[in-house]
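Report on the structure
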Amino acid sequence: MPRVREVVHFGTVVLVVAGGFTIALAAAKLTEFVPIPAPAVFLVAAAVASDIYPHLGTYLAVRDVERLAVVALVVILFAGGFDIGRRRFRLAAVPIVSLGVLGTFATAGIVAVFAHWALGLGWITAGLLGSAVAPTDPAVMFSVLGGREIAGRTGTILKGESGANDPVGIALMIGMIALATHPGSSFWIVGREFGIEMGVGLAIGLAGGLVESWLLRAIEFENTGLHTVRTLAAAGVVYGAASAAHGSGFLAVFVAGLIVGDAQAPFKHEIEIFQSALSNVAEIVVFVALGVTVTLGEIPGGRWGEGIVLALFLALVARPLAVGALLLPVRLRPGERAFVAWGGLKGAVPILLAAFALLAGVRDGQRIYDLVFIVVLFSVIVQGASIPLAAARLGVPMRRVRAGQEQEPWERTESA
């Protein structure tokens, strides 16, 4: 009978997981009619479920969520780089790199100063908080923009920035955690960690992307599915190699995706479909897992106020200041600059960075985690839902597209 009970228990687990995925997919379909991004639905639903059924949190520790988020981001970043491709990246390389690197540092610094003076946080704690909320999130950006086509370079800039600034934000957070956990150390340790992470990650990403591009052309399997699986395995190898060499695995994966995305290879369309499907699954998993780790009822009321104030400052002051200054040399209309500033959506990556700080045992780690969750919640619900409206008001042509559907040229299509 123990064997029967084990089968029944496992069957129940499969039922719950499959049912949860089915509900998540139904929620994603509803977002086509209601202007709320799918990640917001997953995150809120999981957080509410963890309040109603507190035992859900016992199945997933913060460290488990950290690992799930890392795997999901490997898939999402590689798919994002693959979708953009090297040629499109080159057309917007200057704003992508400047926003991804300088913009991340500038946003983190502005938020840190605000958090120190307005919220009363110590400088290191404020720096950790600024580092966590500075990067935008590829899962949210690709989800919001994935079904829409935007004229000009703004869509590419937002997608490219979300892929480029995550490795930067992660490297910055690792450096800040080293500063916070090593008494007597200076900011030199932040710069050293950042330089190593970026340099090694870039080198391995370039090498891995070139090798995988060659393999796609040189070795052809009879089974189409093996090509898609090999591409996924290559992303894992690139991430693992960069991380083992103390580099940024996330930067390596994104760069490799950019290079492979333009490779002329057999079964390219099938690989694209597989990457898109797997990226969608990864998005659902990571946001549900992140939501389960947060108990809404345990977040103090005052902290909700702090988080909303911080979210408003980030969206209306910090990011516009950083983005506005860095985009001045770039040939964009004022409306396009404003759209890029408003479109810096937060998501899984900031929560992952807050989890890093919490697991490292830094001072006020739980407060940082709660505040970052509130900022992300505001960003995906308020900013994410307003993207189509913002595009229309700012004169940025946007339209919905479907995979495989032919689109008329922009000159013959009204902007949305």
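For the coordinates displayed, the defined rule picks out 4 aromatic pairs. Aromatic side chains Phe78 and Phe82 sit 6.3 Å apart centroid to centroid with 35° between the ring planes, which places their arrangement in the tilted category. You can see Phe78 and its partner Phe82 sitting in helix α3 (residues 62–91), 4 residues apart, about one turn around the helix. With respect to burial, Phe78 and Phe82 carry one shared label: buried. When the centroid spacing of 6.4 Å and the interplanar angle of 85° are considered together, the rings of Trp117 and Trp123 count as edge-to-face. Judged by its relative accessible area of 66%, Trp117 falls in the exposed class. Judged by relative accessible area, Trp123 falls into the partly exposed class, the value being 47%.

Our focus in this paragraph is the confidence of the model for the chain. When pLDDT is averaged along the chain, the result is 80, and 82% of the positions lie at 70 or above. Considering only residues more than four positions removed or in separate chains, one finds that residues 409–416, a stretch of pLDDT under 50, has 17 contacts.

Within the largest apolar cluster, 111 residues are counted, with the highest numbers of intra-cluster contacts made by Leu129, Phe339 and Val372. Top element by residues in this core is helix α15 (residues 365–393). It accounts for 14 residues. Counting residues in each nonpolar core, the second largest holds 7 residues, with Val168, Ala171, Leu251 and Val255 among its members.

Moving on, we come to the side chain of Ser386. By secondary structure assignment, the location of Ser386 is in helix α15. Within the local environment of Ser386, its side chain forms a polar contact with the backbone oxygen of Val382, the two atoms lying 3.1 Å apart.

The next thing to look at is the environment of Ile351. Within the secondary structure, Ile351 sits in helix α14 (residues 348–359). Taking the C-alpha atoms as reference, Ile351 lies 7.6 Å from Leu290; in sequence the two are 61 residues apart. With residues up to four places along the chain from it excluded, the contact list for Ile351 reads Leu43, Leu290, Tyr369, Val372, Phe373 and Val376.

So, about unusual backbone geometry. For His246, which is not glycine, the phi torsion reads 65° and is therefore positive. Structurally, His246 can be placed in the loop between α9 (224–244) and α10 (249–261). A positive phi is found at Asp364, a non-glycine position, where the angle reads about 60°.

At a minimum axis separation of 9 Å, helix α5 (residues 123–133) and helix α7 (residues 154–181) run at an interaxial angle of 165°. In terms of orientation, α5 and α7 fall into the roughly antiparallel class. In this structure, the crossing between α5 and α7 has a hand that is left-handed. Each of Ile124, Gly127, Leu128, Ser131 and Ala132 in α5 lies in contact with α7, whose residues at this interface are Gly169, Leu172, Met173, Met176, Ile177, Leu179 and Ala180. Classifying every residue of the contact of α5 with α7 by side-chain character gives 9 nonpolar, 3 polar and no charged.

To continue, consider the pattern of salt bridges. Enumeration according to the criterion identifies 5 salt bridges in this entry. Asp83 is paired through a salt bridge with Lys159; the nearest N and O atoms lie 3.4 Å apart. Pair noted here: Asp83 is in helix α3 and Lys159 is in helix α7, with a separation of 76 residues, a long-range link. Its relative accessible area of 11% is what places Lys159 among the buried residues. We note a salt bridge from Arg367 to Glu306, for which the minimum N-O separation is 2.9 Å.

Turning our attention to a nonpolar patch on the surface. On the surface, a nonpolar cluster with roughly 420 Å² of combined accessible area is contributed by Ile308, Leu312, Leu316, Val317 and Leu321. Structurally, Val317 can be placed in helix α12 (residues 301–326). Judged by relative accessible area, Val317 falls into the partly exposed class, the value being 33%.

Cut-offs used in this document
Residues numbered from 1 in each chain as written. Predicted model: local features only at pLDDT ≥ 70, side-chain atom pairs only at ≥ 80, totals over all residues. Heavy atoms only, no water. Phe/Tyr/Trp six-rings, centres within 6.5 Å; stacked < 30°, edge-to-face > 60°. Helix = DSSP H or I, 4+ residues; strand = E, 2+ residues; numbered from the N terminus. Buried < 20%, exposed > 50% of the residue type's maximum accessible area, 1.4 Å probe, protein only. pLDDT = per-residue confidence, 0-100. Contact = heavy atoms within 4.5 Å. Core = buried A, V, L, I, M, F, W, Y, C linked by side-chain atoms within 4.5 Å. Polar contact = N/O pair within 3.5 Å; in protein donor to acceptor, adjacent residues only side chain to side chain. Axes fitted to C-alpha atoms, helices over the stretch in contact; angles between N-to-C directions. Parallel < 35°, antiparallel > 145°, perpendicular 65-115°, else oblique. Left-handed = near helix turned anticlockwise from the far one by under 90°. Nonpolar A, V, L, I, M, F, W, Y, C, P; charged D, E, K, R; others polar. Salt bridge = Lys/Arg side-chain N within 4 Å of Asp/Glu carboxyl O. Patch = residues over 30% accessible without salt bridge, like charges linked within 9 Å, V, L, I, M, F, W, Y side chains within 5 Å. Areas by Shrake-Rupley, 256 points an atom, 1.4 Å probe, with all protein chains shown as cover.

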